[in-house]
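# Structural characterization, general
Here is how the chains run, residue by residue.
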Amino acid sequence: MSGAFADTFESEGVEFDVASGEFHLHTSHKGEINVRGEGIATIWTIRALERVGFLVNRSAKSFTVEDMTHTQISVEVISNSAQVLWQITNNKTVYTHHSLYTLIKFLDCLYQGQGFG
């Protein structure tokens, strides 16, 4: 492609990523979050977090001390055939959420309350 398709949308606050074939809205970043997990639930979690303005660091393995020092909040997506859970770790405190909606609302409040972003 010549890039004309991507150029058309970029001027309207939407960016088209030619490599992935996805559209991205121009949003200000709320903060940075580490996300750990595998499978479709993790993919959708990452997409939802990015869509609402979080910068996501992705990992299928455990985070190192250096990762947690740079970004203090991590989300682990725990998925099995019966349910999906999201565990947030923030300064050694763990919170569990049973829906993506409550996870995002919690993270919004957490970042606003701690002055992140």
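One can find the structure itself at the top, above this paragraph.
Residues numbered from 1 in each chain as written. Predicted model: local features only at pLDDT ≥ 70, side-chain atom pairs only at ≥ 80, totals over all residues. Heavy atoms only, no water.

This next bit is on a nonpolar patch on the surface. A cluster of nonpolar side chains, namely Ile40, Ile43 and Trp44, defines an oily patch on the protein surface of about 340 Å² accessible area. Mapped onto the fold, Ile43 is located in helix α2 (residues 40–51). On the accessibility criterion, Ile43 (47% relative accessible area) is partly exposed. (Patch = residues over 30% accessible without salt bridge, like charges linked within 9 Å, V, L, I, M, F, W, Y side chains within 5 Å. Areas by Shrake-Rupley, 256 points an atom, 1.4 Å probe, with all protein chains shown as cover. Salt bridge = Lys/Arg side-chain N within 4 Å of Asp/Glu carboxyl O. Helix = DSSP H or I, 4+ residues; strand = E, 2+ residues; numbered from the N terminus. Buried < 20%, exposed > 50% of the residue type's maximum accessible area, 1.4 Å probe, protein only.)

Moving on: the pairing of strand β7 (residues 93–97). Pairing of strand β6 (residues 84–90) with β7, which is carried by five bridges, proceeds in the antiparallel orientation. Note that in β7 the partner of Gln87 across the bridge is Thr96. From the end of β6 to the start of β7, which pair antiparallel, there are two residues, and Asn91 there has a positive phi angle of about 50 degrees. (Pairing = 2+ DSSP bridges.)

Applying the stated rule across the entire model yields two aromatic pairs. Here the aromatic rings of Tyr95 and Phe106 are separated by 4.7 Å at their centres, their planes lie at 50 degrees, and the arrangement is tilted. Residue Tyr95 is found in strand β7, and its partner Phe106 is found in helix α4 (residues 100–114); the two are separated by eleven residues along the sequence. A relative accessible area of 29% means that Tyr95 is categorised as partly exposed. In this arrangement the basic side chain of Arg47 is found over the ring face of Trp44, its NZ or CZ atom lying 5.0 Å from the centre. (Phe/Tyr/Trp six-rings, centres within 6.5 Å; stacked < 30°, edge-to-face > 60°. Lys NZ or Arg CZ within 6 Å of the ring centre and 35° of its normal.)

What follows covers α2. Compared with the 16 Å implied by 1.5 Å per residue over twelve residues, the 16 Å span of α2 between its first and last C-alpha is a close match. Downstream of α2 by a residue or two, Gly53 has a phi angle that is positive, lying close to 110 degrees. (Expected span 1.5 Å × (residues − 1).)

Within the secondary structure layout, Asn34 lies in strand β3 (residues 31–36). One polar contact links Asn34 to Asn57, side chain to side chain, over a distance of 3.1 Å. (Polar contact = N/O pair within 3.5 Å; in protein donor to acceptor, adjacent residues only side chain to side chain.)

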